[in-house]
Each structure stands twice: as structure tokens, then as C-alpha cells.
Amino acid sequence: PPRHMGQAFFIQSASSTHVLDIRDRSSRPHTHLTTQTPNIIRDYNQKWHYDEKTKMIQSHMDQNLVVEYLPHENGRLVVQNRHNGLTQQFLFKDSHIFSCYDGMVMDVLEGDRCRNGMGVCMRRRDPDRDRTQRWVIQKVAI
């Protein structure tokens, strides 16, 4: 698992070469997450930090933006300003990314295409979907 703030990393799906990405920001109160092909131009949207103390997955471009899980919206994952909610806390374990809120795991929604990428959300752990629920942490030099 990622150790400290100095190291940025990509979160890559084990089912494809796609990495976790912030979908283009708009005037909405929150910004959806997707998985996209690694892209130098979108690099800043694709790099993350993990804060061991708060258990938050922070955006490299703005560490006040953290991944949040919206249980009431079918487990959708968004990037929002940090607050100390359980829905913003995650654990990396055995190639899965677990929510501290209810133990659901991050999953790639392969039918949910968005601008050449795939949607992501939190779902119940499922052996049949094991590959799309596994993630590889790739450290990157800054």
C-alpha cells in the first residue's frame, strides 16, 4: 500500500490498463471519477496520494480534493472537498480498495462507458467480478 505523502501514484485497474481519473470538472458540486487510458495530458487528473492517518485518497493536483463514496447514489465515487466523513475513508488490502464506511470495494463498471473510459463505484465484493474489483498501485516519480 502507498506509504507517505511524498509519493504520488496511479491506481490502475487489474482488468485493463485504465487508471483512476477525475472526469473533467464542471460547475457541479462534485466531480465524478472514471477510469481512463493513462494520458500525459490528463496526468494531473490521474495522480493520487494516500494519507495513512486520515485514510483519504487525495488528488495530486489539489490535496483538499479527496475521493468520496456516495452510498445513496448507487455507490458512485466522486472527488469532493475533504471533511472527516467515513465515506471519505478507504483501506488498501489484498489488491482491493475497501470503504471504511461499509466494507464495499471499488469496482469498474465495464458497461458504463463515459468518453472512452469506464465508470467506477463501490460494490459488494463478488468473486465473479474479482478482476474488475482488483487494483494495482503504481508509484510515479514526481
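Residues numbered from 1 in each chain as written. Predicted model: local features only at pLDDT ≥ 70, side-chain atom pairs only at ≥ 80, totals over all residues. Heavy atoms only, no water.

## Brief notes about the packing of aromatic side chains
By the definition in use, this model includes 3 aromatic pairs. Here the aromatic cluster, defined as three or more aromatic residues joined through ring pairs, consists of Phe9, Tyr50 and Phe92. (Phe/Tyr/Trp six-rings, centres within 6.5 Å; stacked < 30°, edge-to-face > 60°.)

## Re the side chain of Gln12
Relative to the helices and strands, Gln12 is located in strand E1 (residues 8–13). Only 3.0 Å separates the side chain of Gln12 from the side chain of Gln138, close enough to count as a polar contact. If we skip the residues at most four places from it in the chain, Gln12 touches Thr17, His18, Val19, Arg134, Trp135, Val136 and Gln138. (Helix = DSSP H or I, 4+ residues; strand = E, 2+ residues; numbered from the N terminus. Polar contact = N/O pair within 3.5 Å; in protein donor to acceptor, adjacent residues only side chain to side chain. Contact = heavy atoms within 4.5 Å.)

## Notes on the nonpolar core
Core analysis: the biggest nonpolar cluster contains 23 residues, and Ile11, Leu33, Trp48, Ile57, Leu77, Phe90 and Ile97 have the highest contact counts within it. At the level of elements, E1, strand E2 (19–22), strand E4 (48–51), strand E6 (65–70), strand E7 (76–81), strand E8 (90–93), strand E10 (105–114) and strand E11 (117–123) are the ones that each hand at least two residues to this core. When neighbours within four sequence positions are excluded, Ile97 is seen to be in contact with Ile11, Ile57, Phe90, Leu91, Phe92, Met104, Val105, Met106, Met122 and Trp135. (Core = buried A, V, L, I, M, F, W, Y, C linked by side-chain atoms within 4.5 Å. Buried < 20%, exposed > 50% of the residue type's maximum accessible area, 1.4 Å probe, protein only.)

## Thoughts on the environment of Asn74
Structurally, the position occupied by Asn74 is in the loop between E6 and E7. Residue classification places Asn74 among the exposed residues on the basis of a relative accessible area of 71%. On a C-alpha basis, the gap between Asn74 and Met122 in space is 7.9 Å, while along the polypeptide they are 48 residues apart. If we ignore the near neighbours within four places in the chain, the residues touching Asn74 are Cys121 and Met122.

Nothing here speaks to function; it is geometry throughout.
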